[in-house]
Amino acid sequence: MEIPRACDYLIIGGGSAGCILARRLAEAGSDRVLLLEAGPSDEGDPVATELARLDEQDDSYDWGYLARATAASRHAMRYDRARMLGGCGNHNDCAFLLPPASDFDAWVMLGASGWDAAALASAQRRLEQRVNIEAAPAGNAIGRAFIDAGIACGLAEINYRETISSGVGWFPLNADGPLRQSASIAYLHPLDRLPANLQVLTGTLANALLITEGRVAGVDTDQGRITARREVILCAGAINTPQLLMLSGIGPGEELQGAGIPPVLDLPGVGQNLLDHVAGNIACEMLAPPPAWERTPCEAVATIRVDPDAPAPDVLYHFIPTLRDKYSGVDHFGGVEHGLKISPNVARPQSRGRLSLTGNSIHDAPNIDLNYFSDPEDYDLRILVAGLRFARRLAAVPCLARYIAREILPGPQADSDADLADYLRDTCETVYHPSGTCRIGKHDDPLAVVTPDLRVRGIAGLRIADASVFPSMVTVNINNTVMLVAERAAEIIAAGE
Ligand SMILES: Cc1cc2nc3c(=O)[nH]c(=O)nc-3n(C[C@H](O)[C@H](O)[C@H](O)COP(=O)(O)OP(=O)(O)OC[C@H]3O[C@@H](n4cnc5c(N)ncnc54)[C@H](O)[C@@H]3O)c2cc1C
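The structure contained in this document is the topic of the report that follows.

What counts and what doesn't
- Residues numbered from 1 in each chain as written.
- Predicted model: local features only at pLDDT ≥ 70, side-chain atom pairs only at ≥ 80, totals over all residues.
- Core = buried A, V, L, I, M, F, W, Y, C linked by C-beta atoms within 7 Å.
- Buried ≥ 20, exposed ≤ 12 C-beta atoms within 10 Å, placed from the backbone.
- Helix = DSSP H or I, 4+ residues; strand = E, 2+ residues; numbered from the N terminus.
- Contact = placed C-beta atoms within 7 Å.
- Near = placed C-beta within 6 Å.
- Nonpolar A, V, L, I, M, F, W, Y, C, P; charged D, E, K, R; others polar.
- Expected span 1.5 Å × (residues − 1).
- Axes fitted to C-alpha atoms, helices over the stretch in contact; angles between N-to-C directions.
- Parallel < 35°, antiparallel > 145°, perpendicular 65-115°, else oblique.
- Left-handed = near helix turned anticlockwise from the far one by under 90°.
- Pairing = 2+ DSSP bridges.

Let's shift gears to the nonpolar core. Of all hydrophobic cores here, the largest spans 159 residues; its most connected members are Leu-10, Ile-11, Ile-12, Leu-21 and Ala-465. A total of nine residues in this core trace back to one element, the largest contributor, which is helix α9 (residues 379-396). If we skip the residues at most four places from it in the chain, Leu-10 touches Leu-34, Leu-36, Gly-218, Val-219, Ile-226, Ala-228 and Val-232.

Residue His-189 is joined to Pro-190 through a cis peptide bond whose omega torsion reads -5°. Inspection of the secondary structure assignment puts Pro-190 in the loop between α6 (183-187) and β10 (198-201). The omega torsion across Leu-409 and Pro-410 is 0°, close enough to zero to call that bond cis. In this structure, Pro-410 sits in the loop between β23 (404-409) and α11 (417-427). You will see that Asn-371, though not glycine, has its phi angle at about 55°, which is positive. Assignment of secondary structure puts Asn-371 in the loop between β22 (367-369) and α9. Phi at Leu-454 is positive, roughly 70°, even though this residue is not glycine. Position of Leu-454 among the secondary structure elements: in the loop between β24 (429-430) and β25 (462-464).

Residue placement: Ala-448 occurs in the loop between β24 and β25. Put simply, Ala-448 and Gly-436 are 12 residues apart on the chain and 9.9 Å apart in space, counted from C-alpha to C-alpha. Discounting residues that sit within four places of it in the chain, Ala-448 has contacts with Gly-111, Gly-269, Arg-439, Ile-440, Gly-441, Lys-442 and Arg-457.

Let us now look at the site of the ligand. The environment of the ligand is formed by 41 residues, the closest being Gly-13, Gly-15, Gly-87, Asn-92 and Asn-479. If you list the elements that add at least two residues to the shell around the ligand, you get α1 (16-27), α7 (237-247) and α12 (479-494). By residue class, the composition of the shell around the ligand is 19 nonpolar, 16 polar and six charged.

Looking now at α1. An ideal rise of 1.5 Å per residue puts 16 Å on 12 residues; α1 measures up with 18 Å between its terminal C-alpha atoms. In this structure, the buried residues of α1 make contact with β1 (6-12), β2 (33-36), α6, β10, β13 (224-234) and α12.

Further remarks concern the packing of helix α4 (residues 117-130) against α12. Orientation of α4 relative to α12, taken along the N-to-C sense of each, is 110°, at an axis distance of 9 Å. The pairing of α4 with α12 is recorded here as roughly perpendicular in orientation. Here α4 and α12 pass one another in a crossing that is right-handed. Residues Leu-120, Ala-123, Gln-124, Arg-126 and Leu-127 of α4 lie in contact with α12, whose contacting residues are Met-483, Leu-484, Glu-487, Arg-488 and Glu-491. In terms of residue class, the contact of α4 with α12 is made up of five nonpolar, one polar and four charged.

Take Val-476: it is sitting in the loop between β25 and α12. Between the C-alpha atom of Val-476 and that of Tyr-61, which follows or precedes it by 415 residues, the distance is 25 Å. Ignoring any residue separated from it by four or fewer positions in sequence, one finds Val-476 in contact with Leu-97, Pro-99, Ile-164 and Leu-316.

Two strands pair when backbone bridges link them, and β1 and β13 are joined in this way by six bridges, in the parallel orientation. In the sheet register, Ala-6 faces β13, and the bridge partner there is Thr-227. Where strand β12 (residues 215-221) lies against β13, four bridges are found, and the strand directions are antiparallel. Looking across to β13, one finds that Val-219 is bridged to Ile-226. Hairpin connection of β12 to β13: two residues between the antiparallel strands. Note that β13 and β25 share three bridges and pair parallel. What sits directly across from Ile-233, in β25, is Arg-463.

Here it is in structure tokens:
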């Protein structure tokens, strides 16, 4: 295919956000939209598009990053980031939850005016017209046992599509039977029937932005240069978007100089404010192989409030009746073959990590410092310790306990808060929700990277629309919110804001 050399809107990154934005901008008028993706197309690849085949995705579907060990979370971990059309929406478990309105109120407080739940309602409606959402199939017997254990512990069974409150239930999935409803599948497939003014270019790696006289004019790629008459919009995700900005000379000035990159714009917030959901596990050996699940092992969910006056649940549990390695990276489980994990995560963590460069090329993997458990009040650790204790209560309810031979981790000897905190520092996991690294903020926020209309401060012709722009973490799995950011971005851009 011949590479186009010019377009009106150039979108970099064909993931959850980029596919939606590309479709919507093309539908909004006659401007030529080009979506550029480093990885291959997902169309016709069942390993990418069928949810139940996630574990068959090998390293070729991923950027292969590692998050480094820190003083407070003491082990490096694999940090999956999809490299294919559809992005992490083809790499995930399709848990699809809309955050409570209080999360967006927090965004507004931090400077994201126009991003309250009421203002986002029309974007969410359009999203739901395009993306099929259905409850995880209720036939998963051990998932049902988890839900019944939650009820026995005082939680209400709730419909998570209608409310995010304390409770237990089935995950809503962005799926249509066995098929994912990722942004590529729901908004772009079939690729041979795209609007005439939309072109999708896969297998094309962006190296850096082209900047002339204070304006972003296009992008340099491994296939040559492409210019954009109107705007370039970065949708490369919360790791690669700040990486591309920094490689283009936009970021913390001194750091760029240190990496041998001539600074174009000193924007200290680029790469800061790295948010993620940190998780721990109660892991148990099972008496027998688990009953089969249909789509994904991760079909049941629970939410609790540790702090009674919290605006929304402060712990979210994934119930996972397997010890599959994809989500541990490290084998903490001593070779046990059949097991389950009750995996709480801190819904609104207070620790903030940071992303930085390790070199001046797109091929140098960035330094991902999640900085878990670093908040000065130890809020994250306290909430997660409480989350582990409640997980143990769930595991002890007879309907679930009848599947369990023994607790492997942390093991019954770990009982004090100090023991559990120590265990978490050694074994914590990510839920793979990096966000916030180019946050929306107030005009006097020194770490704000974009204004509420998603324009990058201090430079013309450039916006960001992906998980990077979150001012703070949302209570639930983030993909619905990322897709919402893209729908809202399309509204903003089409309105000429
Ligand atoms: C293993 C895993 C499980 C998850 N499970 C869930 C879940 O069940 N529910 C949920 O809500 N969320 C889940 N998430 C998170 C969610 O899927 C992501 O947060 C979301 O998809 C991120 O969307 P994005 O558009 O910001 O980035 P991405 O979807 O990552 O898209 C970025 C795209 O940009 C491309 N790109 C990057 N750099 C370049 C470059 N230089 N040139 C060209 N292209 C580039 C990438 O290849 C990628 O396709 C999970 C994530 C992972 C990794």
